[in-house]
Amino acid sequence: MEDLLRNLVKKNLGKTKLGEVANYIPELDKAKKDALGVYIYNIDQEEFGAGDYDVKFTIQSISKILSLMLAILDNGEEYVFSKVGMEPTGDPFNSITKLETSSRKKPYNPLINAGAIAVSSMIHGRDAREKFQRLLDFIRKITEDETLDVNYKIYCGESETGNKNRAMGYFLKSQGIIEGNVEDALDVYFKQCSIEVTAKNLAKIGLFLARSGKLSSGEQVISTRIATIIKTLMVTCGMYDNSGEFAVRVGIPSKSGVGGGIVSVVPGKMGIGVFGPSLDKKGNSVAGVALLEELSKELNLTIF
Ligand code: DON
């Protein structure tokens, strides 16, 4: 397996030239464009890695699946999905258009920015600090890594440049989708995007979902029902407005982030973490997606 991963990294490294590192937030553009790494934890506790799997980067949108788990634990499935839909949009992740024009009157799904900001507002806690601390503790538990923390430079960049996210937050408040304090919801959202992880951490999150919400210790942290909801939304909405093509080409429930990370879940088999900060036009890791496509073919991992 390690040989296969090493070959896949080598073979796809050149594809990092085809994309660009995200630069719409100061500091994100400091990532090394030609970095590429992959890590796998399988259900039998074996682990394999190649390339830059130990390099830190910000989790970004991948945090949206974790805040969704906690929001459902805190509020129940019915409440959460009364505020946010379950449908893909076909629009970019930060699009604002459907918020007002659609008859739906709620964000289409929890993995676009508008939906994720609404989800962050639902995490229980007295204030932004307590809400975020609960989320960070939850993510530390799932990754089994107590050292995870926020990159404060990136958090400041997110907060200073996040005007469109603010606009969506206030719109959601005006519609009654956000019931609490909007600034608290935005602060939790900006902070959760700025948590630093490695591809290895992402593989652990993937393994957690591959085990339907169980830790290595055997503790069931989320119900199998919640794990199923998350995996299904990863298939339909996890790779932004490229989720359909990704499902055909790779066929593994996955979630990407503009930091260059991808977490993939092969149910009952393994968790995969990928890091490659050079992004395609939709915001997905260009070499990372290519690597996953070949890995999926090689090991016949498609769930379809
Ligand atoms: O600008 C933002 O909201 C980002 N920091 C979102 C992160 C991301 O990966 C894109 N999302 N779907």
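Just above, that's the structure.
Criteria and cut-off values
Residues numbered from 1 in each chain as written. Predicted model: local features only at pLDDT ≥ 70, side-chain atom pairs only at ≥ 80, totals over all residues. Heavy atoms only, no water. Helix = DSSP H or I, 4+ residues; strand = E, 2+ residues; numbered from the N terminus. Expected span 1.5 Å × (residues − 1). Contact = heavy atoms within 4.5 Å. Buried < 20%, exposed > 50% of the residue type's maximum accessible area, 1.4 Å probe, protein only. Arc of directions from axis to C-beta. Pairing = 2+ DSSP bridges.

## Describing helix 11 (residues 224-237)
The terminal C-alpha atoms of helix 11 lie 20 Å apart, and with 14 residues this matches the ideal 20 Å at 1.5 Å per residue to within 8%. Looking at the buried residues of helix 11, the elements they touch are helix 2 (63-75), helix 3 (77-83), helix 10 (199-210), helix 12 (243-249), strand 6 (254-256) and strand 7 (261-266).

## Quick notes on helix 1 (residues 2-12)
Listed in full, the buried residues belonging to helix 1 are Leu4, Leu5, Leu8, Val9 and Asn12. On an axial view of helix 1, the arc spanned by its buried residues comes to 135°, and they lie on one face. More than 90 degrees from the buried face of helix 1, the exposed residues found are Asp3, Lys10 and Lys11. Next to the buried residues of helix 1 lie strand 2 (37-42), strand 3 (47-51) and helix 13 (286-299).

## As for the pairing of strand 7
On a regular strand, each side chain points to the face opposite its neighbour's, so the side chains alternate between the two faces of the sheet. The element strand 7 is extensively covered by neighbouring structure, given that 6 of its 6 residues are classed as buried. Alignment of strand 6 against strand 7, held across 3 bridges, turns out to be antiparallel. Residue pairing in the sheet places serine 256 in a bridge with isoleucine 262 of strand 7. Between strand 6 and the antiparallel strand that follows it, strand 7, lie 4 residues; glycine 260 among them carries a positive phi value of about 105°. Bridge analysis of strand 7 against strand 8 (residues 270-275) gives 6 bridges, and the strand direction is antiparallel. Its bridge partner lying in strand 8, valine 263 is registered against glycine 273. Joining the antiparallel neighbours strand 7 and strand 8 is a turn of 3 residues, in which glycine 268 adopts a positive phi near 75°.

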